[in-house]
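So you can see what is in the structure, the chains are spelled out below.
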Amino acid sequence: MRTFDYTKTAPSLLTPEIIGLITAIHEHKGRQDLFLETDSNELNTLTKVAIIQSTGASNRIEGIFTSDKRLKELVSRKIEPHNRSEQEIAGYRAVLATIHENYEYIFPSANLLLQLHRDLYSYSTGAVGGNYKNADNVITETDEKGHRKARFIPVPAFQTAEAVDILCNNFSRTWNNGKIDKLLLIPMFILDFLCIHPFNDGNGRMSRLLTLLLLYKAGYQVGKYISIEMLIEKTKETYHEALQVSSVRWHDTDNTYEPFVRYYLGIINKAYAEFEDRIRHVRTKKTSNPERIKDLISRRVGQITKKEIMELCPDISKVTIERTLTRLVKEGYIIKTGAGPATAYVRKN
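A word on empty space enclosed by the protein. A complete count under the given rule lists 2 cavities of 30 Å³ or more for this structure. Here the largest cavity defines a volume of roughly 60 Å³. Only α3 (40-61) and α4 (68-75) provide two or more residues apiece to the lining of the largest cavity. Partitioned by chemical class, the residues of the lining of the largest cavity number 4 nonpolar, 4 polar and 2 charged.

Moving on to the pattern of salt bridges. Pairs can form between side chains of opposite charge whenever their charged atoms are close. One pass over the full model with this rule turns up 22 salt bridges. A salt bridge links Asp201 to Arg205; the shortest N-O distance between them is 3.9 Å. The exposure class of Asp201 is partly exposed, given its relative accessible area of 31%. Among the residues examined, Arg205 registers a relative accessible area of 1% and is labelled buried. The partner of Lys270 in a salt bridge is Glu274, with the nearest N and O atoms 3.7 Å apart.

Empty space within the largest pocket amounts to approximately 830 Å³. Lining the largest pocket are 28 residues; nearest its centre among them are Asp68, Lys72, Lys307, Met310 and Glu311. Among the secondary structure elements, those contributing two or more residues to the lining of the largest pocket are α3, α4, α14 (306-312) and α15 (318-330). No other element matches α3, which puts 6 residues into the lining of the largest pocket.

Here we take up the environment of Asp254. For Asp254, the location among the structural elements is in the loop between α11 (236-247) and α12 (258-283). Its relative accessible area of 47% is what places Asp254 among the partly exposed residues. Discounting residues that sit within four places of it in the chain, Asp254 has contacts with Val248 and Arg249. Here Arg249 takes part through its side chain, which lies 2.9 Å from a polar atom of the side chain of Asp254.

This part covers helix α8 (residues 182-196). For α8, built from 15 residues, the straight-helix expectation of 21 Å at 1.5 Å per residue is met to within 8% by its first-to-last C-alpha distance of 21 Å. The distance from a side-chain oxygen at the start of α8 to the backbone nitrogen of Leu183 is 2.8 Å, and the residue carrying that oxygen is Asp181. His197 occupies a position one or two residues after α8 and carries a positive phi of about 50 degrees.

Here helix α7 (residues 160-177) contains 18 residues, and its C-alpha end-to-end distance of 26 Å stays within 8% of the 26 Å for a straight helix at 1.5 Å per residue. All buried positions along α7 are accounted for by Thr160, Ala163, Val164, Leu167, Cys168, Asn170, Phe171, Thr174 and Trp175. Taken together, the buried residues of α7 touch α1 (6-9), α6 (110-120), α8 and α9 (203-217). Directly beyond the C-terminal end of α7, a positive phi value near 70 degrees is found at Gly178.

Further remarks concern the nonpolar core. Membership of the largest hydrophobic core comes to 81 residues, with the highest contact counts inside it found for Tyr6, Phe260 and Phe275. Per-element accounting of this core gives the leading share, 12 residues, to α8. Those residues in contact with Phe275, other than ones at most four positions away along the chain, are Phe35, Leu36, Leu43, Leu46, Val222, Tyr225 and Ile226. Ile304, Ile316, Ile321 and Tyr345 belong to the second largest nonpolar core, which has 14 residues in total.

In this section: the environment of Gly202. On the secondary structure map, Gly202 appears in the loop between α8 and α9. Taking the C-alpha atoms as reference, Gly202 lies 11 Å from Gly91; in sequence the two are 111 residues apart.

The next thing to look at is the side chain of Arg208. Here Arg208 shows up in helix α9. Once residues lying within four places of it in the same chain are set aside, the contact partners of Arg208 are Ser58, Ile61, Glu62, Tyr92, Glu229, Ile232 and Tyr239.

Next up on the list: the side chain of Ser124. Summarising the element assignment, Ser124 is placed in the loop between α6 and β1 (139-142). Ignoring sequence-local partners within four residues, the contact set of Ser124 consists of Gln87 and Glu88.

Moving on, we get to unusual backbone geometry. For Phe4, which is not glycine, the phi torsion reads 55 degrees and is therefore positive. Relative to the helices and strands, Phe4 is located in the segment before α1. Look at Phe4 and you get buried, because its relative accessible area is 3%. The backbone of Thr253 sits at a positive phi, close to 55 degrees, despite the residue not being glycine. Its place among the elements puts Thr253 in the loop between α11 and α12.

Conventions used here
- Residues numbered from 1 in each chain as written.
- Predicted model: local features only at pLDDT ≥ 70, side-chain atom pairs only at ≥ 80, totals over all residues.
- Heavy atoms only, no water.
- 1 Å grid on protein atoms, 1.4 Å probe; cavity = no way out; pocket = protein on both sides within 12 Å on 5 of 7 lines; lining within 4 Å.
- Points joined across faces, edges and corners; volume = space filled by probe spheres on them.
- Helix = DSSP H or I, 4+ residues; strand = E, 2+ residues; numbered from the N terminus.
- Nonpolar A, V, L, I, M, F, W, Y, C, P; charged D, E, K, R; others polar.
- Salt bridge = Lys/Arg side-chain N within 4 Å of Asp/Glu carboxyl O.
- Buried < 20%, exposed > 50% of the residue type's maximum accessible area, 1.4 Å probe, protein only.
- Contact = heavy atoms within 4.5 Å.
- Polar contact = N/O pair within 3.5 Å; in protein donor to acceptor, adjacent residues only side chain to side chain.
- Expected span 1.5 Å × (residues − 1).
- Core = buried A, V, L, I, M, F, W, Y, C linked by side-chain atoms within 4.5 Å.

Structure, rendered in structure tokens:
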């Protein structure tokens, strides 16, 4: 059984690249309060959009889908879930709300993990949530020929409760002694949680909810305004690769956390960059929405889609975005490529 001695492992992770990412995130955090002085109505808009995006993205990563319209209605509690997928989406929304509203008073422990997992399935039928796995699970992958093979074998079911207790207790002790930067500790804890894989289902979604909770606890508020889950969804192949590499020889306590830590820090840094960019646009009230869209395209390397513009400018209506893109194409400022869902735009040289 692993002891999860982070004080011994963390110093080896301080490579120049990781130090650079940590430094950048610290600088973002230093500017955080200044950016949060923006008009509260604008921040509330960003929060509402982030909650919808986070709920949708985290579930889609696990193959749980609904329409955009029903997703928004489920998150705003305007409708009741109609099927299993929507029940799980509603459950994620509920846990996300708990973390947003109560993060100051909660911290990962065995009991909290069981409680959050119970709430994750609070809309589902049957005794699915709030219990550790009752059978050994295997993380599999499918190759190009459709053959499935074991990628990782988590902790056996009979050792799960003990492993979670040790993980949470040692993590809490290391967190509170303040000797290791919390930006290192968070992804290390998440990797170990995923390698234990304590539940029959919902482990991936729980890991992303715990990520948000721990970032809040460490004073990093960016996940409230930018969907970290959506950034992970956009890079899920890289996410799975980093997870796989960092889990090799995990049972022998001989794995390297570095790829997973580096990936997670990159996501957090990206989230802060997007947050600051959006706030700067909000503050430039004299800039019209079409001008903001044009400026966004001018700073983009390569193609950009209408959906990406809507995600980056959630306060601008879909109609305005479509009209602006049509006008910019006619003016010859951008070129339209592809058709249907594959439609994208690129600035003309």
